[in-house]
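# Geometric and topological summary
These are the residues of each chain, in order.
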Amino acid sequence: MRARLSWIPVSRLLRWLLAALFVPPTIVSIVLVLVDSVRKHGRSQGHFLSLRNEPPVAVDDSEVQLYTYGSDLYQAMLADIKQAQTRIFFETFIWKDDVVGNKFKDALVQAARRGVDVYIIYDQFANLVVSSSLFQFDPTIHVLRYPFISFPFRPFTLKTYARDHRKVLVIDDHIGYIGGYNIGALYARKWRDTHARIKGPGTLEIENTFIDFWNEHKKRRQPELPDLAKRDWNADLVVQRNDPTLLMFPIRSMYLETIDRAQKSFYLTNAYFIPDRAILHSLLKAAHRGVDVRVLVPAKSNHIIADWLSHGFYTQCLKGGIRLLLYSDAMIHAKTATADRVWSTVGTANLDRLSMVGNFELNIEFYSPAVAQQMEKIFEYDSSQAYELTLAQWEHRPFYWKIAEYLLSTFRPLF
């Protein structure tokens, strides 16, 4: 009886503590989502200007082409699919059932009908609201639907909650695409993103990640893809992949190492800037030692909660010498960075915990002054479409903003 009497107050106290931690930020989140929904109603997506038709550059024996406009990228991808002769690997996070989405489906179906081996991977959770008819393919096409819920269900393993956030296209072992673009009409003209096209031996680095993922997650009845017979050592073009099933998160390590190594500049473009303590500390250290650290993010993204979580870091960044540039009029979804005019990365990983230590992600690193020059040029052009936030401006935000930021900080470990 004594044990029971002593346990009741403790359990009640725990419930009150949990309620105090999670109820206020939950209420704030609901209010923000409702307000954002009202504001979005009837408001069209923004338009943007982008650098286009930048010439391809050589990285070792490969050719690298950067794309910053969705329509140009999709046109190139569809043209390569139509020219495919042996096999196609296609992987995406979101695949919209619209004009653009159906163009890709039709091109893949036509490729299979002319004898090309077609393998497709898509994330089920990301496409829950997409018509299931889009994902109905001829049996000759091999389709891996990364499941909404992994079985056996293990609540304390990362694999249970991880999403396949990768975006990859590989044609005939010789052409590969990697970057932030999903597939859909919205992204073609109204979202600003970045993708890279690799032509040559460097494609094998992208292809290898698809093969490994397919073989790891395929169903028993689905064919196993043979490992690549040959991959050259290439220090100037490296693909990094986060794999929650193996507890491997090299993209986070890549950022930490690069920021620590930077001597002159580090320019980051990211859709959702919610850094963990180590990455934020590394950025602040770089700024303190004189590195020109600039972070370009959406003024308003497609996820209002992510925006407000990001706001919680602004004061520390601005006081620490980090320049914040807010991209206006359109959603910038790119996940890129460049440093010291020699290093660059393009990929799928956002700078938040979901991408750094949660999802399956891919980023490609370039140790190339030619690529870095183009990346800096793109960053400067994007910056001209943004406005710089100053510490004085930020400190004069309404007091209720500060309260909301403080309450929402409880949710940071979930993003």
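Use the structure listed above.
As a starting point, this report considers the structure included with it. Note that the structure is a prediction, hence the values are computed from the model and not measured.

Cut-offs and rules
- Residues numbered from 1 in each chain as written.
- Predicted model: local features only at pLDDT ≥ 70, side-chain atom pairs only at ≥ 80, totals over all residues.
- Heavy atoms only, no water.
- Helix = DSSP H or I, 4+ residues; strand = E, 2+ residues; numbered from the N terminus.
- Buried < 20%, exposed > 50% of the residue type's maximum accessible area, 1.4 Å probe, protein only.
- Contact = heavy atoms within 4.5 Å.
- Areas by Shrake-Rupley, 256 points an atom, 1.4 Å probe, with all protein chains shown as cover.
- Patch = residues over 30% accessible without salt bridge, like charges linked within 9 Å, V, L, I, M, F, W, Y side chains within 5 Å.
- Salt bridge = Lys/Arg side-chain N within 4 Å of Asp/Glu carboxyl O.
- Right-handed = clockwise from strand over helix to strand, strands pointing away.
- Expected span 1.5 Å × (residues − 1).
- Polar contact = N/O pair within 3.5 Å; in protein donor to acceptor, adjacent residues only side chain to side chain.
- 1 Å grid on protein atoms, 1.4 Å probe; cavity = no way out; pocket = protein on both sides within 12 Å on 5 of 7 lines; lining within 4 Å.
- Points joined across faces, edges and corners; volume = space filled by probe spheres on them.
- Nonpolar A, V, L, I, M, F, W, Y, C, P; charged D, E, K, R; others polar.
- Pairing = 2+ DSSP bridges.
- Axes fitted to C-alpha atoms, helices over the stretch in contact; angles between N-to-C directions.
- Core = buried A, V, L, I, M, F, W, Y, C linked by side-chain atoms within 4.5 Å.
- Domains from an automatic or database assignment.

Each helix and strand counted, the protein has 13 helices and 18 strands in total. Burial analysis of the protein (415 residues in total) assigns 53% to the buried set. Of the contacts formed within the protein by residues at least 6 apart in sequence, a portion of 77% connects residues at least 24 apart. Counting only carbon and sulfur atoms, one obtains 57% of the accessible surface of the protein, whose full area is about 20,300 Å².

The next subject is a nonpolar patch on the surface. Together, Phe-125, Leu-128, Val-129, Phe-148 and Ile-149 give the surface a local cluster of nonpolar side chains, amounting to about 490 Å² of exposed area. Its place among the elements puts Phe-125 in the loop between strand E4 (117-123) and strand E5 (142-146). Relative accessible area serves as the criterion here: at 40%, Phe-125 is assigned to the partly exposed category.

The next point concerns the pairing of strand E3 (residues 87-92). Among the six residues in E3, six count as buried, and that is most of the element. Neither face of E3 is open: one carries Arg-87, Phe-89 and Glu-91, the other Ile-88, Phe-90 and Thr-92, and all of them are buried. Traced from E3 through helix H3 (residues 99-113) to E4, the parallel crossover comes out right-handed.

A separate point is the pattern of salt bridges. For side chains of opposite charge, pairing can occur when their charged atoms come near one another. The final tally for this structure, using the stated rule, is 16 salt bridges. The shortest N-O distance in the salt bridge between Arg-163 and Asp-123 comes to 3.2 Å. Remark: Asp-123 occurs in strand E4 and Arg-163 occurs in the loop between E5 and strand E6 (168-171); sequence separation between them is 40 residues. Classification of Arg-163 as buried rests on a relative accessible area of 10%.

Under the 1.5 Å per step criterion, the end-to-end length of H3 is 21 Å for 15 residues, consistent within 8% with the ideal 21 Å. Among the residues of H3, those classed as buried are Val-100, Gly-101, Phe-104, Lys-105, Ala-107, Leu-108, Val-109, Ala-111 and Ala-112. In this structure, the buried residues of H3 make contact with helix H2 (70-83), E3, E4 and helix H4 (185-189). Among the residues trailing H3, Gly-115 stands out with phi positive, at a value near 105°.

Secondary-structure assignment places Thr-209 in helix H5 (residues 203-217). At 2.6 Å, the side chain of Thr-209 and the backbone oxygen of Ile-206 are in polar contact. Among residues more than four places away in sequence, those in contact with Thr-209 are Arg-166, Val-239, Arg-241 and Leu-362.

Let us now look at empty space enclosed by the protein. Enumeration according to the criterion identifies four cavities of 30 Å³ or more in this entry. By volume, the largest cavity is sized at about 70 Å³. Taken together, Arg-192, Thr-194, Tyr-267, Thr-269, Thr-336, Ala-337, Thr-338, Met-375, Ile-378, Phe-379 and Asp-382 make up the lining of the largest cavity. Listed by contribution, the elements that provide at least two residues to the lining of the largest cavity are strand E11 (265-269), strand E15 (336-339) and helix H11 (369-384). Among the elements that take part in the lining of the largest cavity, H11 stands out by supplying four residues, more than any other. Residue composition of the lining of the largest cavity, by class: five nonpolar, four polar and two charged.

It is worth spelling out the sheet that holds strand E16 (residues 343-347) at this point. The strand order across the open sheet built from eight strands is E10-E17-E16-E15-E11-E12-E13-E18, with neighbouring strands paired in mixed fashion. The strands lining the two open edges of the sheet, one partner per strand, are strand E10 (237-242) and strand E18 (386-389). Averaged over all pairs of adjacent strands, the angle between their axes in this sheet comes to 20°, without regard to strand direction. Relative to strand E17 (residues 361-367), E10 runs antiparallel, the two being bridged by six bridges. Note on E17: the bridge partner recorded for Val-239 is Ile-364. In this fold helix H6 (residues 250-261) packs onto E10, E11, E15, E16 and E17, with an angle of close to 125° to the strand it touches most, E10.

Nonpolar side chains in soluble globular proteins tend to be buried together. In terms of nonpolar packing, the biggest core is built from 81 residues, with Tyr-74, Ile-88, Trp-95, Phe-104 and Phe-266 touching the most fellow members. Considering each element in turn, this core owes the most residues, seven residues, to H3. Here this core spans two domains, since at least three of its residues come from each of domain 1 (57-235) and domain 2 (241-414). Counting residues in each nonpolar core, the second largest holds 34 residues, with Val-59, Val-168, Ala-196 and Phe-360 among its members.

To continue, consider helix H8 (residues 304-311). Extensive coverage of H8 is indicated by the burial of eight of its eight residues. For H8, every residue scored as buried is listed here: Ile-304, Ile-305, Ala-306, Asp-307, Trp-308, Leu-309, Ser-310 and His-311.

Strand order across the open sheet formed by eight strands is E1-E2-E9-E7-E6-E3-E4-E5, with mixed pairing between neighbours. The two strands at the open ends of the sheet, each matched to only one other strand, are strand E1 (57-59) and E5. Averaged over all pairs of adjacent strands, the angle between strand axes in this sheet comes to 15°, irrespective of strand direction. Pairing of E3 with E6 involves four bridges; the strand directions are antiparallel.

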